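# Observations on the three-dimensional arrangement
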Amino acid sequence: DLGQITPTELCQRCLSLIKKTKFLNAYITVSEEVALKQAEESEKRYKKGHSLGDLDGIPIAVKDNFSTSGIETTCASNMLKGYVPPYNATVVQKLLDQGALLMGKTNLDEFAMGSGSTDGIFGPVKNPWSYSKQYREKRKQNSHSENEDSNWLITGGSSGGSAAAVSAFTCFAALGSDTGGSTRNPAAHCGVVGLKPSYGLVSRHGLIPLVNSMDVPGILTRCVDDAATVLGVLAGHDPKDSTTIQDPVKPFTLPSLTDVSKLCIGIPKEYLTPELSSEVQSLWSKAANLFESEGAKVTEVSLPHTSYSIVCYHVLCTSEVASNMARFDGLEYGHRCDSDVSTEAMYAATRREGFNDVVRGRILSGNFFLLKENYENYFVKAQKVRRLIANDFVNVFNSGVDVLLTPTTLSEAVPYTEFIKEDNRTRSAQDDIFTQAVNMAGLPAVSVPVALSSQGLPIGLQFIGRAFCDQQLLIVAKWFEKQVQFPVIQLQELMDDCSSVFENEKLASVSLK
């Protein structure tokens, strides 16, 4: 426990850590003045005994594809460089209404298209574990050359900035977005909890859209309880987002599960792919055995349409991207080229200059699938396959399974130099293999850090729940988290003395005054 600390002191401590870890490139914009002003307001409330709740005075960060009023929002693209939204995304507003302190906007792949957080215009995000005592010691043992600077690891993506920000203690929680795994993938690589809520539980208003039918705001924290706390603040109907559910949302406080004997855990056999690293596979088996040894029923299940999910996701994702990206035409906001030959030439040049090749590639694919002569054969067919994939999950849950246990990623984080050998599309297809189907089915899923690999790097496993049973999912994840006792990242060298106070620090252990 920190003992008592004021919101201003806590804010200043996080700001100093942001400066110390600037080389991680986790933040695009640091909103120092805003945060300090919010901390001052929070402090006044605490002095009067009028705290707004669990998040009052708590530092948070927000992925740079959520609109923030008066604060530049770039999506890590030239297309939106210098764009300052006039309003807050609903999720951002809800956090601010609870007294949270906005530390800044975090780095991502351009327009959240990628699985490495390497493709934005502000450069790649570096994984804090690259600089951890755990990883460094293992590297020394394996007698690797001391050329540390070139061997840093990726964070995964596309919400890598948010995952790194939480992992490096610069904030307590961060918003990511999750369209095919963009919150869970970096959470697994950075040793933090990454929650993708059920589609429709949390408002997408103000999240710059990638794939409207799959996007969900995600939550990154250092423990499951904190994710539940944030979800409790964010969840609920929003008149500005017609896809949010109407019914009142139950609170997300998590009772501790003492007895798992009534639980049935499903292990999808299709997820045992040849590309899965042996270490992840072994931890997955151990996790299943842990549930079984504590009395839970663990059963192998089938999701028969899994093999079609990558191509189905590609068609639907690129089609919606093509449609969504049409708004960036150089007329109303964002980048505009200098060409004045004709309107068409202006559109073309603006988009050529504004988008990177990954974004342009997805626009081209999507528009191809949406051509009149291709629409039935590609888009409509993919929608039908999507329904089959969603039904696979329904059938499994109807058979009595409570949650599914799967890997989150194929392996631990890889060095940047390895990662950039593959092109973005190949990588995204591989990296999101265990996470994509969840977005197509609209289900809740959470990645929980389990253990360190032989390299000293975090490995996460994913729990998938029934639609809108987010609380049940988190209760199981919390029980599991307590059993595995994942180690705290050791960044002493990086932080000098100020990190010792951050050891084990969870929202619950912060007592503000």
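Computed from a prediction, not measured in an experiment: that's the story for all the values here. (Residues numbered from 1 in each chain as written. Predicted model: local features only at pLDDT ≥ 70, side-chain atom pairs only at ≥ 80, totals over all residues. Heavy atoms only, no water.)

## Some details on the overall build of the protein
We count it as follows: Secondary structure elements follow DSSP: runs of H or I of four or more residues count as helices, runs of E of two or more count as strands, with numbering from the N terminus. Every radius of gyration here is taken over C-alpha atoms, with the globule rule written as 2.2 Å times N^0.38, N being the number of residues. Under the scheme applied here, a residue whose accessible area is under 20% of the maximum for its type counts as buried, over 50% as exposed, and between as partly exposed, the area being computed with a 1.4 Å probe on protein chains only. Any two residues whose heavy atoms approach within 4.5 Å are treated as being in contact. Throughout, the Shrake-Rupley method with a 1.4 Å probe supplies accessible areas, and for residues the shown protein chains are the sole cover considered.
A count of helices and strands for the protein gives 17 helices and 13 strands. For the protein, whose C-alpha radius of gyration is 22 Å, the value lies close to the compact-globule estimate of 24 Å for 513 residues. Along the three orthogonal principal directions, the C-alpha set of the protein runs to about 65 × 55 × 55 Å. Sorting the 513 residues of the protein into buried and exposed places 60% on the buried side. Excluding contacts between residues fewer than 6 apart, the proportion of contacts in the protein whose partners are at least 24 apart in sequence is 79%. Element-wise, carbon and sulfur atoms account for 50% of the exposed surface of the protein, whose accessible area totals about 20,000 Å².

## Focus: the nonpolar core
Short version of the rule: Among buried residues, the Ala, Val, Leu, Ile, Met, Phe, Trp, Tyr and Cys ones that are joined through side-chain atoms within 4.5 Å form a nonpolar core.
Of all hydrophobic cores here, the largest spans 138 residues; its most connected members are Met 103, Phe 111, Phe 291, Phe 393, Leu 405 and Phe 463. Core analysis: the second largest hydrophobic core is formed by 14 residues, Leu 24, Tyr 131, Tyr 135 and Leu 491 among them.

## Quick notes on the UniProt feature "domain: Amidase" (unreviewed entry) in the protein
Threshold: UniProt positions are given in the numbering used here, feature names are shortened, and annotations may be inferred rather than shown by experiment.
Following the UniProt record, one finds the feature "domain: Amidase" (unreviewed entry) at residues 14–132 and 153–474. Taken end to end, residues 14–132 comprises 27% helix and 13% strand; its first and last C-alpha atoms sit 18 Å apart.

## Focus on the environment of Ala 168
Assignment of secondary structure puts Ala 168 in the loop between α5 (160–167) and β5 (173–178). Sequence spacing of Ala 168 and Val 84 is 84 residues, and the spatial spacing of their C-alpha atoms is 27 Å.

## What about a nonpolar patch on the surface?
Put simply, the rule is: A patch consists of residues exposed above 30% relative accessible area that lack any salt bridge, with like charges linked at up to 9 Å and nonpolar side chains (Val, Leu, Ile, Met, Phe, Trp, Tyr) linked at up to 5 Å. Salt bridges are counted wherever a side-chain nitrogen of Lys or Arg sits within 4 Å of a carboxyl oxygen of Asp or Glu.
A contiguous nonpolar surface patch, about 250 Å² in accessible area, is contributed by Phe 368, Leu 371 and Tyr 378. Tracing the backbone shows Leu 371 in the loop between α11 (357–369) and α12 (376–398). For Leu 371, a relative accessible area of 36% puts it in the partly exposed group.

## So, the pattern of salt bridges
The tally for this structure, following the rule as stated, stands at 11 salt bridges. With a closest N to O distance of 3.7 Å, Glu 41 and Lys 44 form a salt bridge. Note that Glu 41 and Lys 44 are positioned in helix α2 (residues 32–48) at a spacing of 3 residues, about one turn of the helix. Residue Lys 44 is classed as partly exposed on the basis of its relative accessible area of 43%.

## Let's talk about α5
Counting buried positions over the 8 residues of α5 gives 8, a clear majority of the element. Along α5, the residues that are buried comprise Gly 160, Gly 161, Ser 162, Ala 163, Ala 164, Ala 165, Val 166 and Ser 167. Phi turns positive, to about 70 degrees, at Phe 169, one or two residues after α5.

## Focus: α2
What counts, and what does not: Here, expected helix span is obtained from the residue count minus one, scaled by 1.5 Å. Think of it as the arc spanned by the lines of direction from the helix axis to the C-beta atoms.
Here α2 contains 17 residues, and its C-alpha end-to-end distance of 25 Å stays within 8% of the 24 Å for a straight helix at 1.5 Å per residue. For α2, the complete set of buried residues consists of Ala 35, Gln 38, Ala 39, Ser 42, Glu 43, Arg 45 and Tyr 46. Down the axis of α2, the sector holding all buried residues measures 160 degrees, keeping them to one side. Turned more than 90 degrees away from the buried face of α2, the exposed residues are Glu 33, Lys 37, Lys 47 and Lys 48. In the core, the buried residues of α2 are packed alongside α1 (7–20), α3 (90–97), β4 (101–106) and β13 (511–512). Just downstream of α2 lies Gly 49, where phi reads positive at about 75 degrees.

## So, the packing of helix α9 (residues 309–324) against α11
Heads up, the condition is: Structural elements are reduced to axes, namely lines fitted to C-alpha atoms, with helices fitted over the stretch in contact, and the angle between N-to-C directions of any two is expressed from 0 to 180 degrees. What sets the label is the angle itself: under 35 degrees gives roughly parallel, over 145 gives roughly antiparallel, 65 to 115 gives roughly perpendicular, and the rest give oblique. Gly is placed with the polar residues, together with every amino acid not listed as nonpolar (Ala, Val, Leu, Ile, Met, Phe, Trp, Tyr, Cys and Pro) or charged (Asp, Glu, Lys and Arg).
Axis separation between α9 and α11 bottoms out at 7 Å; the angle between their running directions is 100 degrees. Taken together, α9 and α11 sit at an angle that is classed as roughly perpendicular. Between α9 and α11, the contacting residues are His 314, Val 315, Cys 317, Thr 318, Ser 319, Val 321 and Ala 322 on the first element and Arg 362, Ile 363, Ser 365, Gly 366, Asn 367 and Phe 369 on the second. For the contact of α9 with α11, the per-class residue count stands at 6 nonpolar, 6 polar and 1 charged.

## Some remarks on the packing of aromatic side chains
Formally: Put simply, two rings from Phe, Tyr or Trp (the six-membered ring, in Trp's case) pair if the centres are within 6.5 Å, and we call them stacked under 30 degrees between planes, edge-to-face over 60, tilted for the rest. Charge-over-ring placement is defined geometrically: NZ (Lys) or CZ (Arg) within 6 Å of the ring centre, and within 35 degrees of the ring normal.
A full pass over the atoms with the stated rule returns 17 aromatic pairs. Plain terms: the ring middles of Phe 23 and Tyr 131 are 5.0 Å apart, the flat faces sit at 85 degrees to each other, and that makes the pair edge-to-face. You can see Phe 23 sitting in the loop between α1 and β2 (27–30) and its partner Tyr 131 sitting in the loop between β4 and α4 (133–141), a full 108 residues away along the chain. Of the aromatic side chains, those joined through ring pairs into one cluster are Tyr 83, Phe 111, Phe 328, Tyr 333 and Phe 355. Its end group placed over the ring of Phe 172, Arg 222 keeps NZ or CZ at 5.1 Å from the ring centre.

## Points about the UniProt feature "active site" (unreviewed entry) in the protein
Note the following rule: Pairing of N or O atoms within 3.5 Å defines a polar contact, subject to two protein rules: one partner must be a possible hydrogen donor and the other a possible acceptor, and residues neighboring in sequence count only if both atoms are side-chain atoms.
If you check UniProt for "active site" (unreviewed entry), the listed places come out as Lys 63, Ser 158 and Ser 182 in our numbering. Maximum C-alpha separation among the annotated residues is 11.0 Å over a sequence range of 120 residues, consistent with a single clustered spot. Looking at where Lys 63 falls in the secondary structure, it is placed in strand β3 (residues 59–63). If we ignore the near neighbours within four places in the chain, the residues touching Lys 63 are Lys 105, Thr 106, Leu 108, Ala 112, Ser 158, Ser 159, Ser 162, Leu 175, Gly 176, Ser 177 and Ser 182. Within the local environment of Lys 63, its side chain forms a polar contact with the side chain of Ser 159, the two groups lying 2.8 Å apart. Examined against the element boundaries, Ser 158 turns out to sit in the loop between α4 and α5.

## Details of the packing of α9 against α12
Heads up, the condition is: Left-handed is the label given to a crossing in which the near helix is rotated counterclockwise from the far helix by less than a right angle, and right-handed is the label when the rotation is clockwise.
Interhelical geometry of α9 versus α12 gives an angle of 125 degrees and a closest axis separation of 9 Å. Here α9 is positioned oblique relative to α12, judged by the angle of their axes. Two packed elements cross with a definite hand, and for α9 against α12 that hand is left-handed. Mapping the contact onto sequence places Ser 309, Cys 312, Val 315, Leu 316, Ser 319 and Glu 320 in α9 and Tyr 378, Phe 379, Ala 382, Gln 383, Val 385, Arg 386 and Ile 389 in α12. Looking at the contact of α9 with α12 residue by residue, the class counts come to 8 nonpolar, 3 polar and 2 charged.

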